[in-house]
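Breakdown of the fold
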Amino acid sequence: MKQNNRVKLKKPAVVSFLNYKGGVGKTNVSVNFAYYAASCKLSTLLIDWDPQGDATEYIGYGRENVKLTMFDFLVDNLPIEIDKTIMRTSFDNLFIIGANSSLKNVENLVARSEDTFETFRDIVHQCSQQFDLVVIDCPPANSHVNIASIYASTDIFVVSTTSSDSIEKINLVNQMIDNISSVIESNVSPEELAGVIKPQLKGIVLTMGVENTVGLDVAKEHVKHSWGNLFMDPIIPRAVVATYSVGECVPVIKSKPQEKISRRYTELFKEVLSRVK
């Protein structure tokens, strides 16, 4: 993939890709977007917030190389320091806070204390002061961890397959975003409200579409009818090459830039950045 033109954001952004359902291609979208943003010369931090550590593996860092996860930041109040607590990937402008099995402890930690939501948000805010863009790959669950993700984010994109079960989860995510925004508003004075950053649902990404099928057309029309401009074209197709790229630990838009899925990703990510800006 050739180097993209430099992109400038008006202010640092925290972007979360999530769905409460697993197997929707969320991690593929997160990793390829983080790589794309970095190739646009945005200093980009990828936070792997899923104990499975798939984003860590896919970006080529490797779970076995992860010494510190977000769990350590939450428990030990670690400083945000590149090459010490935040690690470089092999790609220019792209950094990572990786994941391993220690993140399994986070759900109980967050569930026991509401203060952890504020702590996570503060950590992510500190990260956003050092990077142009923070990308969070969220776990596939309706959990306290994902509530924390939404609370810390500025821009949220729901990733869904074309299945009705996956699309139905969009409503749950949107309800949680609204609830958290209301909580944030209730905790500030009217004078401060204008300057408060609240999480916003910015788009719905459909993945694993099988082109020229009735199922794809129905899913597309359903999302467009229900969510209007939040629906994002293009739809990301199923592609064996994407599976291979995961095994190679290289984002598909870098390893196979001419493939249809890579071209679709590039088109999609341009739109994502325009909505973030």
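So, a few notes on the structure that sits alongside this text. (Residues numbered from 1 in each chain as written. Predicted model: local features only at pLDDT ≥ 70, side-chain atom pairs only at ≥ 80, totals over all residues. Heavy atoms only, no water.)

1. Observations concerning the sheet that holds strand β2 (residues 44-48)
Here we have 8 strands laid out as an open sheet, ordered β3-β4-β2-β5-β1-β6-β7-β8, and mixed in their pairing. On the outer flanks of this sheet lie β3 (87-88) and β8 (231-232), each paired with one strand and no other. Bridge analysis of β2 against strand β5 (residues 133-137) gives 5 bridges, and the strand direction is parallel. Residue Leu 46 lies in a different strand from β5, and its bridge partner there is Val 135. Relative to the sheet, helix α5 (residues 115-130) contacts β1 (13-18), β2, β4 (94-97) and β5, its axis offset from that of β5 by approximately 140°. (Pairing = 2+ DSSP bridges. Helix = DSSP H or I, 4+ residues; strand = E, 2+ residues; numbered from the N terminus. Contact = heavy atoms within 4.5 Å. Axes fitted to C-alpha atoms, helices over the stretch in contact; angles between N-to-C directions.)

2. Describing the environment of Thr 119
Tracing the backbone through its elements, the reader meets Thr 119 in helix α5. By relative accessible area, Thr 119 is classed as partly exposed at 31%. A sequence separation of 78 residues divides Thr 119 from Ile 197, and the C-alpha atoms of the two residues are 16 Å apart. (Buried < 20%, exposed > 50% of the residue type's maximum accessible area, 1.4 Å probe, protein only.)

3. A few points about the layout of surface pockets
The space that makes up the largest pocket amounts to roughly 460 Å³. For the largest pocket, the lining is made up of 26 residues, of which Val 24, Gly 25, Lys 26, Asn 28 and Met 208 are closest to its centre. For the lining of the largest pocket, the secondary structure elements donating two or more residues are α1 (26-39), α2 (54-58), α10 (240-248) and α12 (260-276). Residue composition of the lining of the largest pocket, grouped by class: 12 nonpolar, 8 polar and 6 charged. (1 Å grid on protein atoms, 1.4 Å probe; cavity = no way out; pocket = protein on both sides within 12 Å on 5 of 7 lines; lining within 4 Å. Points joined across faces, edges and corners; volume = space filled by probe spheres on them. Nonpolar A, V, L, I, M, F, W, Y, C, P; charged D, E, K, R; others polar.)

4. Some words on the packing of aromatic side chains
One pass over the full model with this rule turns up 8 aromatic pairs. For the pair Trp 49 and Phe 120, a centre-to-centre distance of 4.4 Å together with 5° between the ring planes defines the contact as stacked. Here Trp 49, found in the loop between β2 and α2, pairs with Phe 120, found in helix α5; they are 71 residues apart in sequence, far enough to count as distant. Accessibility assignment for this pair places Trp 49 and Phe 120 in one class, buried. Ring geometry for Tyr 265 and Phe 269: centres 5.2 Å apart, planes at 15°, overall stacked. In this pair, Tyr 265 and Phe 269 are both assigned in helix α12, 4 residues apart and thus about one turn of the helix distant. Grouping residues by exposure puts Tyr 265 and Phe 269 together as buried. (Phe/Tyr/Trp six-rings, centres within 6.5 Å; stacked < 30°, edge-to-face > 60°.)

5. Quick notes on the environment of Val 276
Turning to its location among the elements, Val 276 is positioned in helix α12. Separated by 91 residues in sequence, Val 276 and Glu 185 place their C-alpha atoms 21 Å apart. Sequence-distant contacts of Val 276, that is, excluding residues within four places in its chain, are made with Leu 9, Ala 13, Val 15, Asp 155 and Phe 157.

6. Let's talk about the pairing of strand β6 (residues 155-161)
In terms of residue burial, β6 counts as a mostly covered element, since 7 of its 7 residues are buried. Here β6 shows a buried face lined by Asp 155, Phe 157, Val 159 and Thr 161 and a second buried face lined by Ile 156, Val 158 and Ser 160. Summarising the sheet, β1 and β6 pair through 4 bridges and their orientation is parallel. Its bridge partner being in β6, Ser 16 is matched across the sheet by Ile 156. As paired strands, β6 and strand β7 (residues 200-207) are joined by 7 bridges and run parallel to one another. Pairing of Asp 155 across the sheet is with Gln 200, part of β7.

7. Notes on the nonpolar core
Taken as a class, soluble globular proteins show a tendency for nonpolar side chains to be buried jointly. Leu 45, Trp 49, Met 70, Ile 86 and Phe 120 are the most contacted members of the largest nonpolar core, which totals 53 residues. Counting residues per element, this core draws most heavily on helix α7 (residues 164-186), at 7 residues. Apart from the residues lying within four places of it in its own chain, the contact partners of Ile 86 are Leu 45, Phe 73, Ile 80, Glu 81, Phe 95, Ile 96, Ile 97, Cys 127 and Phe 131. Listed in part, the 43 residues of the second largest apolar core include Ala 37, Ala 38, Ile 96 and Val 135. (Core = buried A, V, L, I, M, F, W, Y, C linked by side-chain atoms within 4.5 Å.)

8. Observations concerning unusual backbone geometry
A cis amide bond, omega 5°, links Asp 233 with the succeeding residue Pro 234. Here Pro 234 is to be found in the loop between β8 and α10. Located in the positive-phi region is Asp 83, a residue other than glycine, with phi close to 75°. In this fold, Asp 83 is placed in the loop between α3 (70-76) and β3. Look at Asp 83 and you get partly exposed, because its relative accessible area is 43%. You will see that Cys 249, though not glycine, has its phi angle at about 60°, which is positive. Tracing the backbone shows Cys 249 in the loop between α10 and α11 (252-255).

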